[in-house]
Amino acid sequence: MSAPVIAAEGLSKWYGQIIGLNDVTFEVPPGITGLLGPNGAGKSTFMKLATGQLQPSKGRIAVLGQTIWGNPSLYFRIGFCPEQDAFYERMTGLEWVAALVRLNGADETSAAGAARRALGLVDLLDAADRRIGAYSKGMRQRVKMAQAIAHDPELLILDEPLAGMDPLARRKTIRMIKEWGREGRSVLVSSHVLHEIESMTPNILLINQGRILAEGNVHQIRDLIDEHPHKVYVKADRTRALARELLAQEDVLSLAFEGEAVVVQTSKPDAFYARLTELAASGVHGAIHEVTSPDDNLQAVFEYLVK
Amino acid sequence: MTTRTRYFVFGSLLVLGVGVAAGLVAYSLGYSTIARSSAGGPPELQYVPRDAAIVAYADVQDVMGSDLRRRLKAALPSSENGQEEFQARTGINVETDIDRVVAVLARSSGSLEPHDGMVVASGRFDNTRIESLMREHGAQVEEYRNKRVLVSADAMHRRIEPDGRTPPAADRANRTFALAFLEPGIIAVGSSTLVRHAVDLDAGGDNITTNDQVMALVRALDNGNNAWALGHFEALRPEARLPDDIVRQLPAIDLFSVSAHIDGGVYGTLRAETRDDEAASNLRDVVRGLLALGRLQAGSNPEVQAMMQSLELGGSGRTVALSFSVPAELFDLMGDYARRRHSPGAPAR
Amino acid sequence: MMEGRTAPTVAASALRVFDLSLGQMLWSRRSVFLAILLGAPVLMAVAIRVLGARLGPIEVNGRAVNGAAVFGLMIWLLYIRFIVPVLGVFYGTSLIADEIDDKTITYLFTRPIRRSAVLLGKYLAYLASTVLLVLPSVMLVFFLVVPTGEGSLGAAFPSLLADFGMLTAGLIAYGAVFAFVGARLKRPLVAGLVFAFGWEPAALLLPGYLKRLTVAYYLQALVAHERPQDSPIGMLLQVFREVPPVGTSLISLALIVGLALWAASRAVEGREYVLEQ
């Protein structure tokens, strides 16, 4: 068996009186691994421990066989895409990614080349010279991905990477992550949406309330989650026409409008997302700008598992 | 670095570069005049030896034009006669023809004696008239380093040594009186040794402006004041009659200075630089005691009380500073006193 | 393939961070504040120039003073005692705090560079941006004010160069002290303002050794201009006229800067900043 890319042993993190992660021991194998859990489960805490932004309160965590806290050399081998929507807004996408690659020791020319390649991979080359402040949410998400992959890391740690992406970008990103895995690199990707993780990997870590509930195959979880309705927030050019089309589908249980967006409740999220991607690709209802799942129906699954 | 940032950096450096270049041009164009004053203090300091014991300066124009001077003139009219006689003999109106004076007392070293002194004055002088006057009094004209120097051996003949002997001939030759026309509008008057030295310094050499310790003090004194003096305390000690408590501190005092701004009254600061912090602390205690005593003895006279109250003891570390303010009313009081002495029947104010 | 690579040196990394941060600092929200702060003396200088041309030389306490003296006063009262500490406080304390507020610190702390290099790079960016703004401002004030009242540009020029050195030394020292405050404390701005405008003026007026725990005490020795002594304020200033020799001041300032940056680097290396996002 090959060495784990991340190994946690008795790992705990407290924020004062609040427990972020509670005495967890597990290993993340090479390849793609999904970290699945509802909001506040401890996913971000684990991501921050795995990227050396936090120091364990107790226990230890090794990344690629080394302690990460206070070990900057390790970042040559890691790419991190954080959850927060934060940027140097006045810089262009190319300037920003190139500047971050330069922090890896690359000279100006090779940094610019690496940045262009990465922006090309996330389909942002056309907007490379535009200011990040003028990017849409999906573009911002993609430029964040670009800075994570630009220096060609061995391990990619992605915190909610698909949040806010449009269906096409989402599909492309999923494909890219899978490609990454096929090339023998490792990816740890977090999400609170099961089908997102499932479309990338069958290998998951289920986390809730600071504890690892399950490790392994996604299919058992998926059977449970399908029993629960799933909410999806969609923003498109012609939202009402799109809503009419969606309402005709059997799995759509309800529809509600929120501003320029429609919130759909579906009993079959996988089928729904597949159809939505096809609609986006055909363009019959204009562009679909944003697809997010505010739904925390996973919480129900976790409650079930905890019981 | 983004393009916009590069432009900004370039623009900022351009402004600085253009400014510095313009400043350098201004500096080099005005170098001949500023070279002497860039060290601070009046330009006449270039004629003062580097190791002078005491240097004093007065901006005569400023002092003569002050409100205080007008009050004193009104209070002491008798001083007019002497001034008129001086003007008749030399052609110099002290009130209008002299701009600045720098007085210097030499420290004993090499050919210089402790009592050698000199005054360098700048203003508008009738050189011919002054030369005639000097010649009338037996002065000899000599060319020294292309400068006209009038030397009078007569002036020092009255000096008698403490034991009643006259100074030896060689010594007398060294201690003659001289006047030199250093530059148009600048004359030096005093001991011939010092005056010749001033001519030497005009050609180059170490003058007092190369003495960093003294010049630091000069810059402080020269700012905002129209009269000041500074010196090494050792030079003052033999002549000073000071209270015993102060005398005990004397060995610890290095430099002393007094600066004043003369306008409606006199505002100034007396400062002593001691050799260490402890000596400064001791001296402050003594001065504090004297101040308390003085305030007690100020009596009921409000002007004197005001002057005593204005005395502020300050400074820290090795510096002891005493700031003072003498109000114009006190000079009025002195004027009244002088008038009463000259005419006892005059009513007091 | 990158397994054997080691992190670049702190100096090399700091220069990269400097490159990235300079623009961020120059075009940040604070730029407006900075423009007002540095534009005000220039506007004052324009007013002095215009009024000087119409009404004659400026008088301080009833005495006409030349442009060089007015410039000296402006350098001391506006720049040294106000603008430089303010810039130090607002920029120095925000070196890391801004990245935390903007949630961008993650991008810098997940790169193969030491965290101290991030701090040093941002400190260098602070220095460059403030020096590049303050010195041109002083330059403009110099050319506007000095010629008034028969002041000589040429004669005053050496003091301008000395002022440049002193202002740069002030920005270096205050920036380092407040970088430490910013790296160490959770509410650094308040602590910085208390230090610059509470502690420093008070300690300078108190007799004894407390003034040695201020930056202004050592900066005083580098001031080329003398302060006026013919007013109650002048007399008061005269009380704390005692200044250390220039050499002692420079060594002390270098020690302050070295110590503050070392302590700030230590604080940054050990702190979990993401907790504050």
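Novice: Before we go on, may I ask you to explain the overall build of chain B in this structure?
Specialist: Summing up its helical and strand segments, chain B has 14 helices and 12 strands in all. Relative to its full complement of 349 residues, chain B shows a buried share of 34%. By sequence separation, contacts in chain B at least 24 residues apart represent 64% of the contacts at least 6 residues apart.

Novice: Explain the overall build of chain A to me, please; I cannot follow it from the model alone.
Specialist: Within chain A one finds 10 helices and 14 strands. Within chain A, the fraction of its 307 residues that count as buried is 52%.

Novice: Help me understand unusual backbone geometry in this model?
Specialist: Backbone phi values are negative for most residues with the exception of glycine, while trans is the configuration of most peptide bonds. Residues and elements named next belong to chain A. Located in the positive-phi region is Asp23, a residue other than glycine, with phi close to 50°. Looking at the element boundaries, Asp23 is found in strand β2 (residues 18-28). You can call Asp23 partly exposed: it has 15 C-beta atoms within 10 Å.

Novice: How do you make sense of the interface of chain C and chain A when you look at a structure like this?
Specialist: Much of the literature gives interface size as the accessible area that the parts lose upon coming together. With 27 residues of chain C in contact, the opposing surface of chain A contributes 26 residues. Tallied by class, the residues present in the side of chain C that touches chain A amount to 12 nonpolar, six polar and nine charged.

Novice: What's the story with the pairing of strand β1 (residues 6-15) of chain A in this structure? I'm lost.
Specialist: A regular strand carries its side chains on alternate faces of the sheet. All names here are of chain A. For β1 and strand β4 (residues 58-63), the ladder comprises five bridges, and the chain directions are antiparallel. Along β4, the bridge assignment pairs Ala8 with Ile61. Pairing geometry for β1 and β2, over seven bridges, is antiparallel. Residue pairing across strands places Tyr15 opposite Ile18, the latter belonging to β2. Taken together, β1 and the strand that follows it, β2, pair antiparallel across an intervening segment of two residues, in which Gly16 is found at a positive phi of about 65°.

Novice: What's the story with helix α8 (residues 188-205) of chain C in this structure? I'm lost.
Specialist: All names here are of chain C. Here α8 is 18 residues long and its end C-alpha atoms lie 25 Å apart, about the 26 Å a rise of 1.5 Å per residue gives. Along α8, the sharpest change in direction is near 35° and occurs at Phe195. Taken together, the buried positions of α8 are occupied by Pro188, Gly192, Phe195, Ala196 and Glu200. Here the buried face of α8 lies against α3 (67-92), α4 (94-101), α7 (153-184) and α9 (216-220).

Novice: Explain the sheet that holds strand β9 (residues 203-208) of chain A here, please?
Specialist: Sheet strands associate in pairs through backbone hydrogen bonding, adopting either a parallel or an antiparallel arrangement. Residue and element names in this part refer to chain A. Spatial strand order, β6-β7-β8-β3-β9-β10: six strands in an open sheet with mixed pairing. The sheet is open, and its two edges are formed by β6 (78-81) and β10 (211-217), each paired on a single side. Strand after strand, the sheet turns through a mean of 15° between neighbouring axes, direction not considered. The pairing of strand β3 (residues 32-36) with strand β8 (residues 186-191) spans five bridges and is parallel. From the neighbouring strand, Ile32 faces β8, where its bridge partner is Val187. Taken strand by strand, helix α1 (residues 43-50) contacts β3, β7 (155-159), β8 and β9, and its axis lies near 150° from that of β7. Those strands touched by helix α5 (residues 167-182) are β3, β7 and β8, and its axis lies near 145° from that of β8.

Novice: What should I look at first to understand the sheet that holds strand β12 (residues 319-326) of chain B in this one?
Specialist: All names here are of chain B. Strand order in the open sheet formed by 12 strands is β4-β5-β6-β7-β3-β2-β1-β8-β9-β10-β12-β11, with antiparallel pairing between adjacent strands. Pairing within the sheet leaves two strands with one partner each, and these edge strands are β4 (140-144) and β11 (312-314). In this sheet, adjacent strand axes meet at a mean angle of 15° when their direction is disregarded. Taken strand by strand, helix α8 (residues 192-203) contacts β3 (117-123), β4, β5 (147-152), β6 (177-183) and β7 (186-191), and its axis lies near 20° from that of β6. Of the strands in this sheet, β8 (227-232) and β9 (253-262) touch helix α9 (residues 212-222), which is tilted by about 160° from β8.

Novice: Before we go on, may I ask you to explain the nonpolar core in this structure?
Specialist: Here is a general trend for soluble globular proteins: nonpolar side chains tend to be buried in one another's company. Counting residues in hydrophobic clusters, the biggest one holds 161 residues, and the most contacted among them are Val97 of chain A together with Ala179 of chain C. The greatest single-element share of this core, amounting to 19 residues, is contributed by α7 of chain C. Beyond its immediate sequence surroundings of up to four residues, Ala179 of chain C is in contact with Gly92, Leu95, Leu119, Tyr123, Ala260, Leu261 and Ala264 of chain C. With 64 residues, the next largest nonpolar core counts Ile186, Val266, Tyr267 and Leu322 of chain B among its residues.

Novice: Would you mind showing me how to read the pairing of β3 of chain B here?
Specialist: Residues and elements named next belong to chain B. Where strand β2 (residues 98-105) meets β3, seven bridges bridge the pair, whose relative direction is antiparallel. In the strand pairing of β3, Leu105 is matched with Gly117. Strand direction decides the pairing type here: β3 and β7, joined by five bridges, are antiparallel. The partner of Ser122 across the bridge, within β7, is Ile186.

Novice: Would you mind going over the packing of helix α1 (residues 3-29) of chain B against helix α6 (residues 115-145) of chain C with me for this structure?
Specialist: At their nearest, the axes of α1 of chain B and α6 of chain C sit 9 Å apart, and the two run at 35° to each other. Handedness of the α1 of chain B/α6 of chain C crossing: left-handed. Between α1 of chain B, through Val9, Ser12, Val15, Leu16 and Gly19 of chain B, and α6 of chain C, the contact on the second element is made entirely by Leu132, Leu133, Leu135, Pro136, Met139 and Phe143 of chain C. Grouping the amino acids of the contact of α1 of chain B with α6 of chain C by side-chain chemistry returns nine nonpolar, two polar and no charged.

Novice: Honestly, the packing of helix α2 (residues 93-102) of chain A against helix α3 (residues 108-121) of chain A in this entry has me stumped. Any pointers?
Specialist: Describing two packed helices takes the angle between their axes plus the distance from one axis to the other. Residues and elements named next belong to chain A. Axis separation between α2 and α3 bottoms out at 8 Å; the angle between their running directions is 125°. Classified by the interaxial angle, the pair formed by α2 and α3 is oblique. In terms of crossing hand, the pair formed by α2 and α3 is right-handed. Facing Gly93, Leu94, Val97, Ala98, Val101 and Arg102 of α2, the residues of α3 in contact are Glu108, Ala111, Ala112, Ala114, Ala115, Arg116, Ala118 and Leu119. Considering only residue class, the contact of α2 with α3 consists of 10 nonpolar, one polar and three charged.

Rules and cut-offs
Residues numbered from 1 in each chain as written. Chains lettered and ligands numbered in written order. Predicted model: local features only at pLDDT ≥ 70, side-chain atom pairs only at ≥ 80, totals over all residues. Helix = DSSP H or I, 4+ residues; strand = E, 2+ residues; numbered from the N terminus. Buried ≥ 20, exposed ≤ 12 C-beta atoms within 10 Å, placed from the backbone. Contact = placed C-beta atoms within 7 Å. Nonpolar A, V, L, I, M, F, W, Y, C, P; charged D, E, K, R; others polar. Pairing = 2+ DSSP bridges. Expected span 1.5 Å × (residues − 1). Bend = angle between axes of the 7 residues up to and from the residue. Axes fitted to C-alpha atoms, helices over the stretch in contact; angles between N-to-C directions. Core = buried A, V, L, I, M, F, W, Y, C linked by C-beta atoms within 7 Å. Left-handed = near helix turned anticlockwise from the far one by under 90°. Parallel < 35°, antiparallel > 145°, perpendicular 65-115°, else oblique.

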